[in-house]
Amino acid sequence: ETNQLLDEVRLEVRSSEPPSQKSGGLFMEVACEPDSLLTATAERAGFKKFRITAKNPLESPTTLREAFKTIIQETGPLCIHVSLPCTGWSRWQQVNWVHGSDRTRIKIADERRRSLFLLETASILMKLGQERNAMLSFEWPTGASGWGHARSAFERANLLDMREASFDGCRVGTAPQRKQ
């Protein structure tokens with residue numbers, strides 16, 4: 001279904017007018033939160049932004065169509081950063097799975113199913129970016145138990161040139177505020 005939507009957008013873009021001028025670049029971020037230090041930094045560097053969040057989710061065909069179209073039409077440098085919800089794969093959820101109730105396990109399983117769908121969809125989005133020579137990044141906590149699923153989704157999308165880099169904590173480069 002997602003690949004079919006991508007094919008439709010490719011045909012639509014081919015039949016439209018090409019962009020009139022080269023762009024300063026695009027920073028596309030698939031993220032949980034409504035704002036981001038990464039996107040703000042990219043904007044200060046002259047990139048346009050395209051954010052996919054809970055407000056305009058990746059599951060929405062309208063959002064996905066617009067994302068595909070934006071990537072295909074971009075004439076400047078392109079960066080795509082994906083940071084999907086990791087709640088279902090967190091270490092706490094591993095504990096909750098073992099010690100929680102049946103209701104808790106159903107909730108965790110639902111979170112994981114949604115996560116796997118988002119992972120497959122994001123992989124197709126990233127593959128389109130790779131075809132356009134985009135810089136790609138994918139972020140999840142080191143301890144998330146879903147990494148095996150992420151690697152499999154990347155392989156299915158033929159994202160073979162991805163390299164792993166580990167760092168601790170969300171929002172790299174920030175520090176706790178000091179109370180005075």
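Thresholds applied
- Residues numbered from 1 in each chain as written.
- Predicted model: local features only at pLDDT ≥ 70, side-chain atom pairs only at ≥ 80, totals over all residues.
- Heavy atoms only, no water.
- Helix = DSSP H or I, 4+ residues; strand = E, 2+ residues; numbered from the N terminus.
- Contact = heavy atoms within 4.5 Å.
- Core = buried A, V, L, I, M, F, W, Y, C linked by side-chain atoms within 4.5 Å.
- Buried < 20%, exposed > 50% of the residue type's maximum accessible area, 1.4 Å probe, protein only.
- Pairing = 2+ DSSP bridges.
- Axes fitted to C-alpha atoms, helices over the stretch in contact; angles between N-to-C directions.
- Right-handed = clockwise from strand over helix to strand, strands pointing away.

A. Structural context of the environment of Thr87. Mapped onto the elements, Thr87 comes out in the loop between strand S3 (78-82) and helix H4 (91-99). Each C-alpha atom of the pair Thr87 and Glu111 lies 7.2 Å from the other, and the pair is 24 residues apart in sequence. Look past the residues within four positions of Thr87 in its chain and what remains in contact with it is Gln93 and Glu111.

B. Region of interest: the nonpolar core. Leu58, Phe68, Ile80, Leu84, Leu125 and Phe138 are the most contacted members of the largest nonpolar core, which has 37 residues in total. Among the secondary structure elements, those contributing two or more residues to this core are helix H1 (2-14), strand S1 (26-30), strand S2 (48-52), helix H3 (61-73), S3, helix H5 (102-131), strand S4 (135-138) and helix H6 (147-156). When residues in this core are grouped by element, the largest group, 7 residues, is from H5. Apart from residues no more than four positions distant in its own chain, Phe68 is found in contact with Thr2, Leu5, Leu6, Val9, Ile124, Leu125 and Leu128.

C. Spotlight on the sheet that holds S1. Pairing is parallel across the open sheet formed by 4 strands, whose spatial order is S2-S1-S3-S4. For this open sheet the edge positions go to S2 and S4, each flanked by a neighbour on one side alone. Going across the sheet, the axis of each strand differs from the next one's by a mean of 10°, ignoring polarity. Bridge count for S3 against S4 is 4 bridges, and the pairing is parallel. Its bridge partner lying in S4, Val82 is registered against Phe138. Along the sheet face, helix H2 (residues 37-44) touches S1, S2 and S3 and points at about 175° away from the line of S1.

D. Focus on the pairing of S2. Bridge count for S1 against S2 is 5 bridges, and the pairing is parallel. Looking at the pairing, Met28 lines up with Phe50 of S2. Between the parallel elements S1 and S2, the chain passes through H2 in a crossover that is right-handed.

E. Seen up close, the environment of Cys79. Relative to the assigned elements, Cys79 resides in strand S3. Residues Cys79 and Met135, 56 residues apart in the sequence, show an inter-C-alpha distance of 4.7 Å. In this structure Cys79 touches Leu26, Phe27, Met28, Phe47 and Met135, once residues within four positions along its chain are discounted.

It is worth stressing that arrangement in space is one thing and function is another; only the former is reported here.
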